[in-house]
Amino acid sequence: MSSWREKIAQFMQGRYGGNDTLNKWLLGAFLLFLVLSLLLGSEICNLLAIAALIYSYFRIFSRNISRRTAENQKFYEWTQPIRNIFSRKSNTSHDAAHRIFQCPNCGQKVRVPKGRGKIQITCPKCRHEFQKRS
């Protein structure tokens, strides 16, 4: 059994391997088109599924690592706006001991401690003073 592992490891040496964002998306597209093909009985979906799978395997077994990396980087940049829309990360901190307010003058975010009542906040950027309840 170990001889098969060694042969596979030797075969994959110097190849891309392809566990990146683009390959994950291609495999997801393959599964989507495969399910659509089964549900709709569409030959076009079937061909698209096969094309996505073939291209994914081509990328995995490719020896041109720099080109596959550049492809993944272009795909990552191209999908950045879409990922930003669906991103669940918030720009505010999840710190339970502080609140974040925005300066009404310049828009700078200011972090203040919670539970201090009504406080006078001075913006560190524009020195504008405003009152908020923390």
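For the structure, see preceding data.
So, here's what we can say about the structure. Once a new chain begins, its residue numbering starts again from 1 and follows that chain's sequence as written. Note on the predicted model: pLDDT of at least 70 is required for a residue's local features to be given, and 80 or more for side-chain atom pairs to be given and counted; whole-chain, interface and lining totals, by contrast, use all residues. Derived side-chain values reflect all non-hydrogen atoms in the structure, with water molecules and hydrogen atoms excluded from consideration.

## What to know about the pattern of salt bridges
For the record, the criterion: Should a side-chain nitrogen of Lys or Arg be within 4 Å of a carboxyl oxygen of Asp or Glu, the pair is scored as a salt bridge. Under the DSSP-based scheme used, a helix requires at least four consecutive residues in state H or I and a strand at least two consecutive residues in state E, with every element numbered from the N terminus. Burial classification: accessible surface area is computed with a 1.4 Å probe over protein chains only, and a residue below 20% of its type maximum counts as buried, one above 50% as exposed, and the rest as partly exposed.
Applying the stated criterion across every chain, the model contains three salt bridges. Measuring nitrogen to oxygen at the nearest pair gives 3.2 Å for the salt bridge that ties Arg59 to Asp20. A residue pair is termed long-range when its members are at least 10 positions apart, and Arg59 in helix 3 (residues 43-61) and Asp20 in the loop between helix 1 (2-12) and helix 2 (21-40) qualify at 39 residues. Judged by its relative accessible area of 0%, Arg59 is buried. The class for Asp20 is buried, based on a relative accessible area of 9%. Here Arg68 ties to Glu71 by a salt bridge, and the two come within 2.9 Å at their closest N and O atoms. Of this pair, Arg68 and Glu71 are both found in helix 4 (residues 65-78), three residues apart, which corresponds to roughly one turn of the helix. Shared partners join several salt bridges into a network, and the residues in it are Asp20, Arg59, Arg68 and Glu71.

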